[in-house]
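Inside the fold
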Amino acid sequence: MKIICVGRNYAAHIEELDNEKPEDPVLFLKPDTSILLKKQPFFIPDFSEDVHHEVEILVKIKKIGKHIDRKFAHKYYDEIGLGIDFTARDLQSQLKRKGLPWEKAKSFDGAAVIGNFVPKTTFKDVNAINFSLKKNEETVQQSNTALMLWKIDELIEYISKYFTLKIGDIIFTGTPAGVAKVNPNDNLTGYIEEKEVFSIKVK
Ligand code: ZN
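An account of the accompanying structure is given in this report. Keep in mind the model is a prediction, meaning the values are calculated, not measured. (Residues numbered from 1 in each chain as written. Predicted model: local features only at pLDDT ≥ 70, side-chain atom pairs only at ≥ 80, totals over all residues. Heavy atoms only, no water.)

Comments concerning the coordination of the zinc ion
Those donors, Glu54 (OE), Glu56 (OE) and Asp85 (OD), are the protein atoms that reach the zinc ion, and they lie 1.9 to 2.1 Å from it. For Glu54, a relative accessible area of 4% gives the class buried. Residue classification places Asp85 among the buried residues on the basis of a relative accessible area of 1%. (Donors = N, O, S within 2.8 Å, 3.2 Å for Na, K, Ca; no water. Buried < 20%, exposed > 50% of the residue type's maximum accessible area, 1.4 Å probe, protein only.)

As for the pairing of strand β1 (residues 3-7)
The buried count for β1 comes to five of five residues, which makes it a mostly enclosed element. Because side chains alternate across β1, one face comprises the buried residues Ile3, Cys5 and Gly7, and the other comprises Ile4 and Val6, equally buried. Note that β1 and strand β2 (residues 26-30) share five bridges and pair antiparallel. Note on β2: the bridge partner recorded for Ile3 is Lys30. (Helix = DSSP H or I, 4+ residues; strand = E, 2+ residues; numbered from the N terminus. Pairing = 2+ DSSP bridges.)

Focus on unusual backbone geometry
Not every positive phi belongs to a glycine, and Arg8 is a case in point at roughly 55°. Its identity as a non-glycine residue notwithstanding, Glu193 has a phi of 50°, on the positive side. For Glu193, the location among the structural elements is in the loop between β13 (187-192) and β14 (195-201). For Glu193, a relative accessible area of 32% corresponds to the partly exposed category.

Observations regarding helix α2 (residues 89-97)
Turning to α2, its buried residues are Arg89, Leu91, Gln92 and Leu95. Down the axis of α2, the buried side of the element spans an arc of 155°, and every buried residue falls inside it. The inward-facing, buried residues of α2 contact α1 (11-16), β3 (51-53), β6 (87-88) and α3 (103-106). Positive phi shows up at Gly99, right after α2, with a value of about 70°. (Arc of directions from axis to C-beta. Contact = heavy atoms within 4.5 Å.)

A look at the sheet that holds strand β12 (residues 180-181)
Taken in spatial order, the three strands line up as β6-β3-β12 in an open sheet, and their pairing is antiparallel. Looking at strand neighbours, the two that pair on one side only are β6 and β12, the edges of this open sheet. Pairing of β3 with β12 involves two bridges; the strand directions are antiparallel. Paired with His53 across the bridge in β12 is Ala180.

Examining the packing of aromatic side chains
Inspection of the entire model under this criterion finds six aromatic pairs. An angle of 55° between the planes, with centres 5.3 Å apart, marks the rings of Tyr158 and Tyr162 as tilted. Residue Tyr158 and its partner Tyr162 are located together in helix α4 (residues 152-162), separated by four residues, close to a single helical turn. The class for Tyr158 is buried, based on a relative accessible area of 15%. Put simply, the rings of Phe42, Phe47, Phe86 and Phe108 touch in pairs and so form one group of aromatic residues. The residue whose ring lies beneath Lys60 is Phe117, and the NZ or CZ to ring-centre distance is 4.5 Å. Against the face of Tyr77 rests Lys120, its NZ or CZ located 4.3 Å from the ring centre. (Phe/Tyr/Trp six-rings, centres within 6.5 Å; stacked < 30°, edge-to-face > 60°. Lys NZ or Arg CZ within 6 Å of the ring centre and 35° of its normal.)

What about the sheet that holds β13?
As summarised here, the arrangement of the four strands in space is β10-β9-β13-β14, forming an open sheet in which the pairing is antiparallel. Two strands in the sheet have a free side with no partner beyond their single neighbour: β10 (138-144) and β14. Between one strand axis and the next, the sheet turns through 15° on average, direction left out of account. Sheet analysis places β13 next to β14, joined by six bridges and oriented antiparallel. Bridge pairing links Leu188 to Ile200 in β14. (Axes fitted to C-alpha atoms, helices over the stretch in contact; angles between N-to-C directions.)

What follows is the structure, given as structure tokens:
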């Protein structure tokens, strides 16, 4: 399986990092080795002094597809999840300045938290899902999928022009504002609407 991540998909997050609004979605990949194993803590890697949490809505692909039209994109997923795209922000900034790929900053071991999935039928509209992240009982990121610049079905159309989507692939749909550094002993808990879908400890 592969993980396809979308960057710069919420206007408020683009502003907080002082990035330009892209003409097309920004895509990057995480390998399967980046998945944080269930019930394991997240260890801050020694090559970064500034690892950020980015909470993101996830989409699990259930059918193989290429060049998927957005009209049919809804047929390719049944489950919505929530995860964290951990980002070594200091390293990513260096790589960005040099025009280099971001993988070392985003695709290291443990950098992909994948929470529990919820059936799509739970929601009236996948483009109106509330989600949030608490750090030590304080809500630090909170948004709604309505605020995505590119909605889920548009992302599937765009991504599948470049990458064949296969069963079990997961799309990280981008983070809203509120990204910040994690520290040892932080607890990070993710919610879709009121439902807790992951809880992890930082070490
Ligand atoms: Zn992200």
